[in-house]
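Chain by chain, the residues:
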Protein chains: 2
Amino acid sequence: MDQKNICPRFEKALMILNHRWNTLLIYQLLDGPQRYSTIKNQLNISSRVLTERLKELETEQIVLRTVIPSTPVFIEYELTEKGYAIAPVLKAIEQWSSEWVTIDIE
Amino acid sequence: MDQKNICPRFEKALMILNHRWNTLLIYQLLDGPQRYSTIKNQLNISSRVLTERLKELETEQIVLRTVIPSTPVFIEYELTEKGYAIAPVLKAIEQWSSEWVTIDIE
DNA sequence: AAACTAAGTTACGAATTGTAAGCAAAAAAA
DNA sequence: TTTTTTTGCTTACAATTCGTAACTTAGTTT
């Protein structure tokens, strides 16, 4: 009858990281600061969703959006310290996938 | 112009792990074998989705479903070796969340 | 016999995604 | 100097996925 007693921080972490595209986005940004169009071209994501996710990660303080006032002006997205701190999670997934995940090609 | 060159195994791992409920389900099963109703009561998941996800994790060989022929018969779900190997990922998320994730209570 | 539990399934409305097109500002090409 | 392209988005809408609730079948306790 009793519900979960899972740590709310952990739950929130899962909410963020499991939201579609988010981990892949963070993974992509581990390579360093990138512009919107670069990210969009690298991943196979639509602009609608990309914008949405970047905003979400921005409000979660995982990603920082900066307007670079050069000519021409451009927008740069980069991980914050909090964002870079997710790297071990990605490493663990990489490790697991290389050891256990098989891709079924015919 | 060029697309991603991300390792397909890693991508598949993300597909599985980022699918809603999956990591929480695996986390729950780290406590050991459990029956359907136990899982359902612990997490706040609907039976429709729970069944769906358990089937998915079963086909991915992360979860094993066993019919225990007792009286009454009951069904047990448990992690496979591949499933238990995901533990470090969960640990990394726990670590990150405890260090960086804040919950905003008013 | 009546009510309950386990392990699902089904139907359906609500929320989330993907697709495609559009847009303003600036820059590069013709 | 017009035309086209690029950037960083937004909007409209269709397709997919999710959650809710009710139902099922078989065994079970009252």
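### What about the protein's contact with DNA strand C?
Then, number 1: Taken together, 21 residues surround DNA strand C, and among them His19(A), Ser46(A), Arg53(A), Arg65(B) and Tyr77(B) come closest.
Then, number 2: Close to the protein, within 4 Å, the atoms of DNA strand C belong to sugar or phosphate groups at a rate of 60%.
Then, number 3: The contact in question runs from a phosphate oxygen of DNA strand C to an N or O atom on the side chain of Arg20(A), over 3.2 Å.
Then, number 4: Where the surface near DNA strand C is concerned, the elements lending two or more residues are α4 (47-59) of chain A together with α3 (36-42), α4 (47-59) and β3 (74-79) of chain B.
Then, number 5: Across the surface near DNA strand C, the residue classes tally to 7 nonpolar, 6 polar and 8 charged.

### Topic: unusual backbone geometry
Then, number 1: In this structure, Pro72(B) follows Thr71(B) across a cis peptide bond, with omega equal to 0 degrees.
Then, number 2: Mapped onto the secondary structure, Pro72(B) falls in the loop between β2 (63-68) and β3.
Then, number 3: The phi dihedral of Trp21(A) is positive, around 85 degrees, even though this residue is not glycine.
Then, number 4: Assignment of secondary structure puts Trp21(A) in the loop between α1 (8-17) and α2 (22-29).

### A look at the sheet that holds β2(B)
Residues and elements named next belong to chain B.
Then, number 1: Spatially, 3 strands are ordered β1-β3-β2 in an open sheet, and the strand pairing comes out antiparallel. Unpaired on one side and paired on the other, β1 (34-35) and β2 mark the two borders of the sheet.
Then, number 2: Looking at chain direction, β1 and β3 are connected through 2 bridges and run antiparallel. Opposite Arg-35, over in β3, you have Glu-76 as the bridge partner.
Then, number 3: Across the face of the sheet, helix α2 (residues 22-29) comes into contact with β1, β2 and β3 while running at roughly 100 degrees to β3.

Parameters and conventions
- Residues numbered from 1 in each chain as written.
- Chains lettered and ligands numbered in written order.
- Predicted model: local features only at pLDDT ≥ 70, side-chain atom pairs only at ≥ 80, totals over all residues.
- Heavy atoms only, no water.
- Near = heavy atom within 4 Å.
- Polar contact = N/O pair within 3.5 Å; in protein donor to acceptor, adjacent residues only side chain to side chain.
- Helix = DSSP H or I, 4+ residues; strand = E, 2+ residues; numbered from the N terminus.
- Nonpolar A, V, L, I, M, F, W, Y, C, P; charged D, E, K, R; others polar.
- Pairing = 2+ DSSP bridges.
- Contact = heavy atoms within 4.5 Å.
- Axes fitted to C-alpha atoms, helices over the stretch in contact; angles between N-to-C directions.

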